[in-house]
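In case you want the letters, here they are:
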Amino acid sequence: MEIRQLRYFVAVAEIGHFGRAAESLHIVQPAVSKQIAALERELGLMLFDRSRRQIRLTADGEAFLPHARRALRGIDRAEKAAAELAAGGAGILRVGSARGLGRRLEDILAAFRGTHPNVTVELTNRSSVPGKLAAVAAGDLDAAFVSAPPRTPGVAVHHLWDEPLLVAVPTRRSATAADLATLADLPFARGPREEDPGTFDLITRACQAAGFTPRPGPTLINAQDILAGPVAAGDCWALLPSGALRADSAAVSFVAPTPPILGSTALAVPHPTRRTLVTALLTAAKAAVRGPL
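Residues numbered from 1 in each chain as written. Predicted model: local features only at pLDDT ≥ 70, side-chain atom pairs only at ≥ 80, totals over all residues. Heavy atoms only, no water.

Chemist: How do you make sense of the pattern of salt bridges when you look at a structure like this?
Modeler: Side chains that differ in sign of charge can pair as their charged atoms come close. Evaluated as defined, the whole model comprises 9 salt bridges. For Arg69, the salt bridge goes to Glu14, with nearest N and O atoms at 3.3 Å. Of this pair, Arg69 sits in helix H4 (residues 59-87) while Glu14 sits in helix H1 (residues 3-15), and the two are 55 residues apart along the sequence. Note on Arg69: relative accessible area 31%, which makes it partly exposed. It is possible to trace a salt-bridge network through shared partners that takes in Arg94, Asp142 and Arg275. (Salt bridge = Lys/Arg side-chain N within 4 Å of Asp/Glu carboxyl O. Helix = DSSP H or I, 4+ residues; strand = E, 2+ residues; numbered from the N terminus. Buried < 20%, exposed > 50% of the residue type's maximum accessible area, 1.4 Å probe, protein only.)

Chemist: I'm lost on the packing of H1 against helix H2 (residues 18-25) in this one. Help?
Modeler: For any two helices packed against each other, the geometry comes down to the angle between their axes and how far apart the axes lie. Running from N to C, H1 and H2 point in directions that differ by 125°, and their axes come no closer than 8 Å. Classed by the angle they form, the pair H1 and H2 counts as oblique. The crossing of H1 and H2 is right-handed. Side by side, H1 and H2 meet where Tyr8, Ala11, Val12 and Ile15 of the first sit next to Phe18, Arg20, Ala21, Ser24 and Leu25 of the second. (Axes fitted to C-alpha atoms, helices over the stretch in contact; angles between N-to-C directions. Parallel < 35°, antiparallel > 145°, perpendicular 65-115°, else oblique. Left-handed = near helix turned anticlockwise from the far one by under 90°. Contact = heavy atoms within 4.5 Å.)

Chemist: Quick question: what am I supposed to make of the pairing of strand S11 (residues 262-270) here?
Modeler: A regular strand carries its side chains on alternate faces of the sheet. Of all 9 residues in S11, 7 are buried; the element is thus mostly enclosed. Across 4 bridges, the pairing between strand S5 (residues 143-147) and S11 is antiparallel. The residue bridging Val146 from the neighbouring strand is Ala266, located in S11. (Pairing = 2+ DSSP bridges.)

Chemist: Help me out: how do you make sense of the confidence of the model for the protein in this one?
Modeler: Reading predicted coordinates in detail is not appropriate for stretches of low pLDDT. Averaged over every residue, the pLDDT of the protein is 89; residues scoring 70 or more account for 93%. When the elements of the protein are averaged for pLDDT, H4 gives the smallest value, 82, and strand S7 (residues 188-190) the largest, 95. (pLDDT = per-residue confidence, 0-100.)

Chemist: Would you explain the environment of Pro30 in this entry?
Modeler: Tracing the backbone through its elements, the reader meets Pro30 in helix H3 (residues 29-43). Residues Pro30 and Ala210, 180 residues apart in the sequence, show an inter-C-alpha distance of 89 Å.

Chemist: How should I be thinking about the layout of surface pockets in this particular structure?
Modeler: Empty space among the atoms becomes visible once a probe the size of a water molecule is rolled across them. Counted as a void, the largest pocket has a volume near 900 Å³. The wall of the largest pocket is formed by 39 residues, among which Arg99, Gly100, Ser147, Asp196 and Pro241 lie closest to the centre. When contributions to the lining of the largest pocket are tallied by element, the ones reaching two or more residues are helix H6 (129-138), S5, strand S6 (155-170), S7, helix H7 (197-209), helix H8 (223-231), strand S9 (238-241) and S11. Looking at the lining of the largest pocket, its residues break down into 19 nonpolar, 12 polar and 8 charged. Its volume calculated, the second largest pocket comes out at about 160 Å³. Taken together, 14 residues line the second largest pocket, and the ones lying closest to its centre are Val136, Gly139, Pro270, Pro272 and Arg274. Taken together, the residues of the lining of the second largest pocket sort by class into 6 nonpolar, 4 polar and 4 charged. (1 Å grid on protein atoms, 1.4 Å probe; cavity = no way out; pocket = protein on both sides within 12 Å on 5 of 7 lines; lining within 4 Å. Points joined across faces, edges and corners; volume = space filled by probe spheres on them. Nonpolar A, V, L, I, M, F, W, Y, C, P; charged D, E, K, R; others polar.)

Chemist: Whenever I open this one, the packing of helix H5 (residues 102-115) against helix H9 (residues 276-290) confuses me. Can you help?
Modeler: Contact geometry for H5 and H9: axes closest at 8 Å, N-to-C directions at 125°. As far as their axial angle goes, H9 and H5 are oblique. Seen from above, H5 lies across H9 with right-handed handedness. Here H5 contributes Arg104, Asp107, Ile108, Ala111 and Phe112 to the contact with H9, which in turn contributes Leu277, Ala280, Leu281, Ala284, Ala285, Ala288 and Val289. In terms of residue class, the contact of H5 with H9 is built from 10 nonpolar, no polar and 2 charged.

Listed below in structure tokens is the structure:
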């Protein structure tokens, strides 16, 4: 059974005339008659009563007509969906998120949804920057937000913004905390290097420039837990993106170091990029970053 046979059958059934149905379909009448006859042979049914001047559906034809219409509606929907997918107007976009994006991520996704309302964005929270880059290269993610990413084959990295890192310290140490050297005696909380090599090395270089190597402290997994626990208790300090902080504790202070330390955020995408949705997300991200926060 062919799609055109169903279309010809529905057209003749609705118009009640082979010739006028052929005109509406912009084909010749013999082609319509031939395809409907082939459909009848395949189904083993007589769909039309041709014994009268004006053809009519047989009982079998009446029963088959709603099924043919449903099938054609489904085909039309499938064709429309395929066209939207090809044009980037629908589908699913798998994006690796990152801690501390906050309002910026909201603005980027709002800008993207404004131009692609029918696209579903699936966010995954993979903490490891190398893991996200490998997923983008393998096609498991369509894009990923990453900080200070290393070069990865098959991945293009587009810088979006730089954000100051702030020193999070027990409040009693805040007066001198802008000079990192004054924190040399206090353990430093941070994540393992394999999770985010670029940021790890950035902070290590800043501490070395201040004349010391940071003392190992608690492993940084959740910023708010570290702040509310060991930092507030005076047991450690941390360096965190300014956008990820909530200044809601009298026991913890946030101080801008001197000189400033800037962490970078980028969008990693496959190279070459094969999906128009990925390009649209990158465009939305750059536009949202340029706009007011």
